[in-house]
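Report on the structure
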Amino acid sequence: MQMPEPNPAILARKAMIVSRLRAVLPKDAVIEDEAETRAYECDALTAYRCPPLAAVLPASTEEVAAVLKVCHEEGVPVVPRGSGTSLAGGALPTADSVILGVARMNEVLDVNYDDRFIRVQTGRTNLSVTGAVEEEDFFYAPDPSSQLACAIAGNIAMNSGGAHCLKYGVTTNNLLGVTMVQMDGTVVEIGGAHLDSGGLDLLGLICGSEGQLGVVTEATLRILRKPEGARPVLMGFDSNEVAGACVSDIIKAGVLPVAIEFMDRPCIRATEDFAKAGYPDCEALLIVEVEGSPAEIDEQLSLILNIARRHNPVELREAKDADEAGRIWLGRKSAFGAMGSINDYMCLDGTIPVSELPYVLKRIGEMSKEFGLEVANVFHAGDGNMHPLILFNANEPGQLETCEAFGAEILKLCVEVGGCLTGEHGVGIEKRDLMVDQYDPVDLEVQMQVKDVFDPVWLLNPAKVFPLAASEGRRAVKLAAE
């Protein structure tokens, strides 16, 4: 089939925009070639793809401000991008947009151990923040599964958590301040190197805003002293529901482990084939880790193991040394890669009250049979952050649509039991049209009015978060009024 001829007007506009971007950035920081821009056509939600008009890779706050000023003047949408690990389509471009990647912005700007903070450019990867301070026995607490690759920019955009967020909280609990560039190129400082700022909690508004309000270029992060020690225990159970009940009982007992992670049989089977961590043959397992002094660890684990025994576990395995602890965590850390090696999957992140875990896991199992698609469950059980992986075949017509319908029902279930649509992946494009299931029209209108204040023409990260018809309609109205 012969491809249609490119529209001369579109080509001329692209050339003009690229020329203006090249005028404010180094030559190699602007990518316009169609083949090269395909590297930015999707994020980790690879079912949806769209090459951008162009991509830019600034190296400083000043260069980001220059890019946004050009795009604002030309009415060009901008899609901020960290490392592209978003599982919700948060960095998916539109055909008329410019991708603004922060990968070159990866410097450590300041470290203060007395006041326990580090200031970094937001293109720096999550794990490398700890890498910058670990020689002084400090660490950065949020630890998403993608921490080796994901950028601080994306962590802030999605308010990412991780396995250890049960004790240490998610990104918003560890973020002290940001430098942010607004769509018109204005640079603002919010928060700083202190625990709390006066006035409105704008920092809490920025964290989790998914690139809707501005581009965060620098971040001041809380760093903590490493604990004296840590020890995990592995528990195997005969059913998902029993494992869920054990989690609920641990939380109700007032014990605060640093992490409680859950895996079910499909995930256990895949990770064993992939990582050979030595997990037991069971329907579900929990990894519970506690930390502190040896006496504290012994006391906490004694309470936790006594609770577990009341649920008739098929195995209890307490790590005796660092090697055994590493093997207990090996399968969990390998889970997403293991599942990806055997199947296409969609990973959800609805969050529920911990007391509802047994019921929700039971309903997911029932829905799996109704939709005819297998589900592997692996998630942060301690704070109810679900991660059901719906397995499907992307090459079989209709399976993606079935998978999406199944995922929507799981997320609606999370809302029905008192939870929410997303715990850390964000809304992106994946859940934007489900927002009406969590928020009423007044709630959504207020949220969109907040965006009006920060991004009056709706050029930042278009077609995300808000129901598509509402956001695109609002954007059209704003552009027409310019």
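Please refer to the structure placed before this passage.
The paragraphs below set out a description of the structure included in this document. (Residues numbered from 1 in each chain as written. Predicted model: local features only at pLDDT ≥ 70, side-chain atom pairs only at ≥ 80, totals over all residues. Heavy atoms only, no water.)

1. Notes on the side chain of Gln300
Its location among the elements puts Gln300 in helix H10 (residues 294–309). What Gln300 contacts, discounting residues up to four positions off in sequence, is Leu256, Val290 and Glu291. (Helix = DSSP H or I, 4+ residues; strand = E, 2+ residues; numbered from the N terminus. Contact = heavy atoms within 4.5 Å.)

2. Concerning the environment of Phe379
One can find Phe379 in strand S17 (residues 375–380). Note: C-alpha distance between Phe379 and Ile260 (119 residues apart in sequence) is 8.7 Å. Setting aside chain neighbours within four positions, we find Phe379 in contact with Ile260, Glu261, Phe262, Arg332, Leu357, Leu361, Asn385, Met386 and His387.

3. Structural notes on the pairing of strand S8 (residues 175–181)
Taken residue by residue, a regular strand's side chains alternate between the two faces of the sheet. Most of S8 sits inside the fold, with seven of its seven residues counted as buried. Sheet topology places S8 next to strand S10 (residues 215–222); six bridges connect them, and they run antiparallel. Paired with Leu175 across the strands is Leu221, a residue of S10. Taking the residues between adjacent antiparallel strands as the criterion, S8 and strand S9 (residues 187–191) are bridged by five residues, where Gly185 takes a positive phi near 95°. (Buried < 20%, exposed > 50% of the residue type's maximum accessible area, 1.4 Å probe, protein only. Pairing = 2+ DSSP bridges.)

4. Some points on the sheet that holds strand S18 (residues 388–392)
Think of a sheet as strands paired side by side through backbone hydrogen bonds, with each pair either parallel or antiparallel. Taken together, the seven strands give an open sheet; going across it, the order is S15-S12-S14-S13-S17-S18-S16, and neighbouring strands pair in antiparallel fashion. Strands at the two margins of the open sheet, each flanked by one partner only, are strand S15 (315–318) and strand S16 (344–347). Mean inter-strand twist for the sheet, computed between neighbouring axes without regard to direction, equals 15°. Against the sheet, H10 contacts strand S12 (230–237), strand S14 (284–291) and S15, and its axis sits at roughly 10° relative to S12. Across the sheet, helix H12 (residues 357–371) lies against strand S13 (259–264), S17 and S18, angled at about 155° from S17, the strand it touches most. (Axes fitted to C-alpha atoms, helices over the stretch in contact; angles between N-to-C directions.)

5. With respect to the nonpolar core
Soluble, globular proteins show a tendency: their nonpolar side chains are buried together. Counting residues in hydrophobic clusters, the biggest one holds 56 residues, and the most contacted among them are Met235 and Leu286. Ranked by the residues each element gives to this core, the list is headed by helix H13 (residues 399–416), at nine residues. Apart from the residues within four sequence positions on either side, Met235 is in contact with Cys246, Ala284, Leu285, Leu286, Val288, Ile304, Ala308, Glu315 and Leu316. The next biggest cluster of nonpolar side chains, apart from the first, holds 30 residues, and it includes Tyr279, Ile287, Ile328 and Ala376. (Core = buried A, V, L, I, M, F, W, Y, C linked by side-chain atoms within 4.5 Å.)

6. Section: the packing of H12 against H13
Where H12 meets H13, the axes come as close as 11 Å, and the angle between the chain directions of the two elements is 160°. What the angle tells us is that H12 and H13 run roughly antiparallel. Crossing angle aside, the handedness with which H12 passes H13 is right-handed. Residues Tyr359, Val360, Arg363, Ile364, Met367, Ser368 and Phe371 of H12 form the contact with H13, whose own contacting residues are Thr402, Ala405, Phe406, Glu409, Ile410 and Leu413. (Parallel < 35°, antiparallel > 145°, perpendicular 65-115°, else oblique. Left-handed = near helix turned anticlockwise from the far one by under 90°.)

7. Some points on helix H4 (residues 126–133)
Since there are 3.6 residues in each turn of an α-helix, residues three or four apart along the chain are aligned in direction. Every buried residue of H4 is accounted for by Asn126, Val129, Thr130 and Val133. Buried residues of H4 fall within an arc of 95° about the axis and therefore sit on the same side. Those residues of H4 hidden inside the fold are in contact with strand S5 (108–112), strand S6 (117–121), strand S7 (138–139), helix H5 (152–158) and S10. (Arc of directions from axis to C-beta.)

8. With respect to the sheet that holds S6
Pairing within the open sheet is antiparallel, and its five strands lie in the order S5-S6-S10-S8-S9. Because the sheet does not close on itself, it has two edges, and the strands there are S5 and S9. The mean inter-strand angle of the sheet, taken between neighbouring strand axes irrespective of direction, is 10°. Pairing of S8 with S9, which is carried by five bridges, proceeds in the antiparallel orientation. Each residue of the ladder has a partner; that of Gly177, found in S9, is Gly191.

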